[in-house]
Amino acid sequence: MITPMSGWCTIESDPGVFTELISEFGVGGVQVEELYSLDVDSMCALGSVHGLIFLFRWRQERDDRPVVAELEESLFFAQQMITNACATQAILAILLNRPNIELGEELSAFKAFTKDFSPELKGLAIANSELLRKAHNSFARAELSVGEDRQATRDDDVYHFISYVPLCGKLWELDGLKSGPICLGEASDANWLQVVLPIIKKRVQASSKEITFNLMGIIADRRIALLEQQTAVEKERNMTVGKIQARSGKLPTPAELEKLAADSPPPPPMGEVAVDERTVDELLVALAHLTERSASLSRDIELASRRTEQWKVENRRRKHNYIPFISNVLKLLAERGELLPLIDAAKARNVKRPMLRKA
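What comes next concerns the included structure. (Residues numbered from 1 in each chain as written. Predicted model: local features only at pLDDT ≥ 70, side-chain atom pairs only at ≥ 80, totals over all residues. Heavy atoms only, no water.)

A few points about empty space enclosed by the protein
Okay, so step 1: On inspection of all chains with the given rule, the structure shows one cavity of 30 Å³ or more.
Okay, so step 2: Taken as a whole, the largest cavity holds about 110 Å³ of empty space.
Okay, so step 3: What lines the largest cavity is a set of 16 residues, among which Ala 78, Gln 89, Ala 90, Ala 93 and Gly 176 lie closest to the centre.
Okay, so step 4: Secondary-structure elements contributing two or more residues to the lining of the largest cavity are α3 (86-95) and β3 (159-167). (1 Å grid on protein atoms, 1.4 Å probe; cavity = no way out; pocket = protein on both sides within 12 Å on 5 of 7 lines; lining within 4 Å. Points joined across faces, edges and corners; volume = space filled by probe spheres on them. Helix = DSSP H or I, 4+ residues; strand = E, 2+ residues; numbered from the N terminus.)

Following this line, the structure appears as structure tokens:
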């Protein structure tokens, strides 16, 4: 009997953390985005949404919804066999169930190896995967001391991740704490967000006294999508410039293009009206709007790149162990006789603060 390796840490529910975790699995071309609005338009604005991860405060409650015993051949479902692994399992539940995601060599091999496993054995395979465990535990928090593992009690706040993903014409809820997946009805890649959002809203409303939930989506890498859009816009822009030069030989200045874009509505897309059929004036208006669109995409790409870099900085700080530095600072202050006066001063400031009365 295979036994799972111990020592999986809890990790923060953060899009930057989850995005880097997916990258460490060897998967490219996707990122994680936190969602603040439960409406379809906000979802569609994110581009291609592969699946949703829902974090909630877990309670021991009865759930009479039936699980599917006979799994679809292409559906990957794993039972959670080790504590604290639910974040990684929720991510894998989406990555391994979306055929249009490039998994990379190691995760592709893992999926093929576990293809015929039962949900329990798939959970054990996850728990014993060195790649997955090492990537997950790279986000372990440094602590002054490490106590023995203990089981959560009824007084503890326990949080859990589950996934929602479309596959084989159906919408699935994948929860590693259950014995199987839950089918939530018919859904296609085109309409599954319309199907899932009322389900999530109902779940949130049922916990109206709490705000301890979070929703994140695994989406296509926004920088890649933006670069593809910019390439298409620049191609059309260059064609338009060539037509203008061939007919008039003169191109407007940036200031003139900016004024044209502000004063004239955008023309129909190039696919609807051939460039050869446009007048010079129409071509100039098209060029103005294409130039404006290209500049806007450049700004969006820059913002997305800065955000990615900021995530990397934040993750380096998360992973760095500051405890030796803090311990040495406290030790040095104590040796100089400066620590106790600082503590007393902090206590005095705390006493002077006005008390806040709970409503």
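Alright, that's what it looks like, and here's the rest.
Topic: the layout of surface pockets
Okay, so step 1: For the second largest pocket, the calculated volume is near 720 Å³.
Okay, so step 2: Phe 56, Glu 61, Asp 63, Arg 65 and Arg 203 are, among the 26 residues lining the second largest pocket, the residues nearest its centre.
Okay, so step 3: When contributions to the lining of the second largest pocket are tallied by element, the ones reaching two or more residues are β2 (49-57) and α7 (192-206).
Okay, so step 4: Broken down by element, the lining of the second largest pocket gets its largest block of residues, five residues, from α7.
Okay, so step 5: Of the residues in the lining of the second largest pocket, the class split is ten nonpolar, three polar and 13 charged. (Nonpolar A, V, L, I, M, F, W, Y, C, P; charged D, E, K, R; others polar.)

With respect to the packing of aromatic side chains
Okay, so step 1: Summed over the entire model, instances satisfying the criterion amount to five aromatic pairs.
Okay, so step 2: An angle of 70° between the planes, with centres 5.2 Å apart, marks the rings of Phe 113 and Phe 117 as edge-to-face.
Okay, so step 3: The exposure class assigned to Phe 113 is exposed, which follows from its relative accessible area of 58%.
Okay, so step 4: Look at Phe 117 and you get partly exposed, because its relative accessible area is 27%.
Okay, so step 5: One aromatic cluster is present, formed by Phe 54, Phe 56 and Phe 213 through successive ring pairs.
Okay, so step 6: Across from the ring centre of Phe 56, 4.5 Å away, lies the NZ or CZ of Arg 203, which sits over that ring.
Okay, so step 7: In this structure, Lys 319 packs its charged tip against the face of Phe 139, placed 4.5 Å from the ring centre. (Phe/Tyr/Trp six-rings, centres within 6.5 Å; stacked < 30°, edge-to-face > 60°. Buried < 20%, exposed > 50% of the residue type's maximum accessible area, 1.4 Å probe, protein only. Lys NZ or Arg CZ within 6 Å of the ring centre and 35° of its normal.)

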